[in-house]
Amino acid sequence: MSIKIINDYVKISSKHRPGTKRTGFRGVTIHETGNRAKGANAKAHRNYYHNLANSNSGGYIGYHYFVDDKEAYLMHPLDEIAWTNGDGSGDGNMKTISVEICVNSDGDFAKARTNAAYVAAFVLHKYGIKKVIAVTGADARGNKAKANLFQHRSWMNKNCPETIRNKGYWNSFVKAVQTELDKLTGAKNTNTNNNQGASNTFTPYKVKITYKDGMNVRAGAGVDCALVKGVTAKYGITYTIVAEKVVAGQIWGKLKSGVGWICLTGFTKKI
Ligand SMILES: [Zn+2]
């Protein structure tokens, strides 16, 4: 299930966001923040990282995503590197996108893992990957040459993502990523149909509008499609979605009434 991903890039700084472009794409690397303090959620890490980047202080460290049980923040553009993996100019830093899962004691870690699985799938899908190939083994280096889902441990001798590794959650996490990726791929496949995305296998579902100002309704999926004049999907109201399309990384849903499409990512909650 999708969650809200907030793009909130830190400013360019030599120690944190050098602005260097990735030299390729090998996949996604999973981390945990290691910070179990109450309140050490994605927003708190977002604040911490902005402060670090603004002052250009501390060691050379960077991040792409922070994910908790509610939302995710993207701190660098996806085409830029982040110094998250401790392998210098190795492939971990130069060719993977990092996902830090929050382990704050007042958070729901199972939900945070589910959300991180969605974020990982979102990135893999964006780069055209349909099948998750995860690293295996205690050292997280089995499969490494062909993998697209890594652990921090795959790149350096560190026990990260710690809880996932210690509690044996890796295999179920990998499955969750594949499940989310299948959903995204399914949604994308409908995009190529000429019948407005209606798919034989699509199961309608309900969403509630969580955006206070209400949502524009468009004649098709994507902001390039014309607005349907005089129609708004209102805050707090439940609508049934009968088809999906992914446009520019966001999921759009067709309203059952047939009046048009709304952007689901970030503005609605599946119920
Ligand atoms: Zn790590």
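Residues numbered from 1 in each chain as written. Predicted model: local features only at pLDDT ≥ 70, side-chain atom pairs only at ≥ 80, totals over all residues.

(A) Geometry of the pairing of strand S2 (residues 27-32). With six of six residues buried, S2 lies mostly within the body of the structure. Strand direction decides the pairing type here: S2 and strand S6 (residues 149-151), joined by three bridges, are parallel. Residue Val-28 lies in a different strand from S6, and its bridge partner there is Leu-149. (Buried ≥ 20, exposed ≤ 12 C-beta atoms within 10 Å, placed from the backbone. Helix = DSSP H or I, 4+ residues; strand = E, 2+ residues; numbered from the N terminus. Pairing = 2+ DSSP bridges.)

(B) Representation of the sheet that holds strand S4 (residues 71-74) in the model. Ordered in space as S1-S4-S3-S5-S2-S6, the six strands form an open sheet in which the pairing is mixed. Taken across any chain shown, the strands that pair with only one partner, and hence form the sheet edges, are strand S1 (4-7) and S6. Direction aside, the axes of adjacent strands within the sheet are offset by 25 degrees on average. Running at roughly 165 degrees to strand S5 (residues 96-101), helix H3 (residues 109-126) makes contact with S1, S2, strand S3 (65-67), S4, S5 and S6 of the sheet. (Axes fitted to C-alpha atoms, helices over the stretch in contact; angles between N-to-C directions. Contact = placed C-beta atoms within 7 Å.)

(C) Seen up close, the domain arrangement of the chain. Splitting the chain by domain gives domain 1 (4-188) and domain 2 (205-270). Relative to domain 2, the C-alpha centre of domain 1 lies at a distance of 29 Å. By residue number, the principal contributor to the side of domain 1 that touches domain 2 is helix H5 (residues 170-191), which donates three residues. Its residues placed into classes, the side of domain 1 that touches domain 2 shows two nonpolar, no polar and three charged. (Domains from an automatic or database assignment. Nonpolar A, V, L, I, M, F, W, Y, C, P; charged D, E, K, R; others polar.)

(D) Main features of the nonpolar core. Counting 68 residues, the largest nonpolar core has Val-67, Ala-72, Val-99, Val-119 and Ala-120 as the members making the most contacts within it. Two domains each put at least three residues into this core: domain 1 (4-188) and domain 2 (205-270). Every residue in contact with Ala-120, bar those within four places of it in the chain, is listed here: Val-28, Ile-30, Val-99, Leu-149 and Val-177. (Core = buried A, V, L, I, M, F, W, Y, C linked by C-beta atoms within 7 Å.)

(E) Inspection of the confidence of the model for the chain at higher detail. With 94% of its residues at a pLDDT of 70 or more, the chain has an overall mean of 92. Within the model, the stretch residues 190-200 combines pLDDT values under 50 with 20 contacts to residues more than four positions away or in other chains. (pLDDT = per-residue confidence, 0-100.)

(F) Main features of helix H1 (residues 42-55). Taking 1.5 Å of rise per residue, 14 residues should cover 20 Å, and H1 covers 20 Å from first to last C-alpha, within 8% of that figure. The elements touched by buried residues of H1 are S3, S4 and S5. Asn-56 occupies a position one or two residues after H1 and carries a positive phi of about 50 degrees. (Expected span 1.5 Å × (residues − 1).)

(G) A look at unusual backbone geometry. Pro-161 follows Cys-160 through a cis peptide bond whose omega is 0 degrees. The topology assignment puts Pro-161 in the loop between S6 and helix H4 (162-166). One non-glycine residue with positive phi stands out, namely Asn-56, at about 50 degrees. Topologically, Asn-56 is positioned in the loop between H1 and S3. By C-beta crowding, Asn-56 is classed as partly exposed, having 13 other C-beta atoms within 10 Å. The phi dihedral of Asn-143 falls on the positive side, at around 75 degrees, and the residue is not glycine. Structurally, Asn-143 is set in the loop between H3 and S6.

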